[in-house]
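# Inside the fold
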Amino acid sequence: MLDTLPLQNGQLSQPLIDQYWNDGYLFPLPAISRDHALNARIEFEKIERDWLNAGLPQALNSYKRVNAHVVMPFAVDIACHPQVLDVIEGIIGPDIMIYSVEFFSKEPHTDHVVSMHQDLTYWGMGAIDGLVTAWIPLSSATPASGCMDFVRGSHKNPILPHDDTFDDNNLLSRGQEVRVDVDPADKVAIEIHPGQMSLHHGLTIHGSGPNMSDDRRIACVVRYIRPDMSQEQAEEDFAMLARGEDRFGNFTQISAPKKNFAPEAVALYDHIRQIQAQVYMNNATQKSDMYA
Ligand SMILES: O=C(O)CCC(=O)C(=O)O
């Protein structure tokens, strides 16, 4: 296990900020505490039990897989944790919005993978620098459990062509895969454990292999944006202010839910989903629902 990178008064030092912009990722960094991560897993698994057959309008998997912050307060608690935001501030500055919180889980001994891709490919914001992802594990992410692999320096590319595979074992909405043969030797395995996190740039080529371990691999994945970013392919898009100010108004601001799946939050979730699905699934070679 790699030692957590040292912060200066809870913030990224200039050499670490430089390393992020040079490599397109940074890890392992301190995140929420180990206890917080393990308790968040307990809450996540309780939601899985309590809400699976509760008659929600969408499949529970959809709420877990995208925009969990709209309906699950514990997802907002993680995304707004001051320690995490102090680190994010070093990358995108003092005004920080949450674009999405997503749970990526892989069951033990299963073939689910994430093909190599760039996040920004289908998000309608262009090839921007003002989006950073914090990948916060709620269980250990190791090469055996299917941790992420990053390609160093690949964020210096534009958005590259991707092919849709719609493979059932792929956790991405379209099974999208970057049309580049990534040499296995160029993949850096991002082993991290509860209490740590990794950061990656929206253009960094990354993916992850199957979980061959005996435990679930669960991560809380938070997409942070600067308020001056904007949605170019839909009239409206949504974000939650986590710190600082939004002086641009490019995103409709949403507030944190007060309880799990509050009816008004579930209705808002559906509204956001309808608008974002048009962007995410634009020109898809196969009609498919977003994260059903
Ligand atoms: O959790 C994974 O394996 C992949 C997550 C991912 O693609 C991302 O965080 O952008």
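Up top is the structure these notes are about.
As the structure is a prediction and not an experimental result, all values here were calculated from the model.

## Section: the pattern of salt bridges
- By the definition in use, this model includes 17 salt bridges.
- A salt bridge links Arg152 to Asp23, with the nearest nitrogen and oxygen atoms 2.9 Å apart. One end of the pair, Arg152, is in the loop between strand 5 (148-151) and strand 6 (162-163); the other, Asp23, is in helix 1 (residues 14-23), with 129 residues separating them in the sequence.
- Its relative accessible area of 53% is what places Arg152 among the exposed residues.
- Connected through salt bridges with shared partners, the residues Arg41, Glu45, Glu48, Lys64, Glu107, Asp215 and Arg216 form a single ionic network.

## Quick look at the side chain of Asp149
- Among the secondary structure elements, Asp149 is positioned in strand 5.
- It turns out Asp149 is buried and unbridged, and the closest side chain with the opposite charge, Lys187, is 4.7 Å from it.
- Sequence-distant contacts of Asp149, that is, excluding residues within four places in its chain, are made with Met116, Lys187, Val188, Ala189, Ile205, His206 and Gly207.

## Re the pairing of strand 11 (residues 217-225)
- Among the 9 residues in strand 11, 9 count as buried, and that is most of the element.
- Of the two faces of strand 11, the one holding Arg217, Ala219, Val221, Arg223 and Ile225 and the one holding Ile218, Cys220, Val222 and Tyr224 are both buried throughout.
- Sheet topology note: the strand 2 (residues 96-106)/strand 11 ladder contains 9 bridges and is antiparallel. Bridge assignment links Glu102 to a residue of strand 11, and that residue is Val221.
- Here strand 4 (residues 131-137) runs beside strand 11; their pairing, made up of 7 bridges, is antiparallel. Among the inter-strand pairings, Val132 is bridged to a residue of strand 11, identified as Tyr224.

Calculation rules
- Residues numbered from 1 in each chain as written.
- Predicted model: local features only at pLDDT ≥ 70, side-chain atom pairs only at ≥ 80, totals over all residues.
- Heavy atoms only, no water.
- Salt bridge = Lys/Arg side-chain N within 4 Å of Asp/Glu carboxyl O.
- Helix = DSSP H or I, 4+ residues; strand = E, 2+ residues; numbered from the N terminus.
- Buried < 20%, exposed > 50% of the residue type's maximum accessible area, 1.4 Å probe, protein only.
- Lys, Arg positive; Asp, Glu negative; His and termini not counted.
- Contact = heavy atoms within 4.5 Å.
- Pairing = 2+ DSSP bridges.

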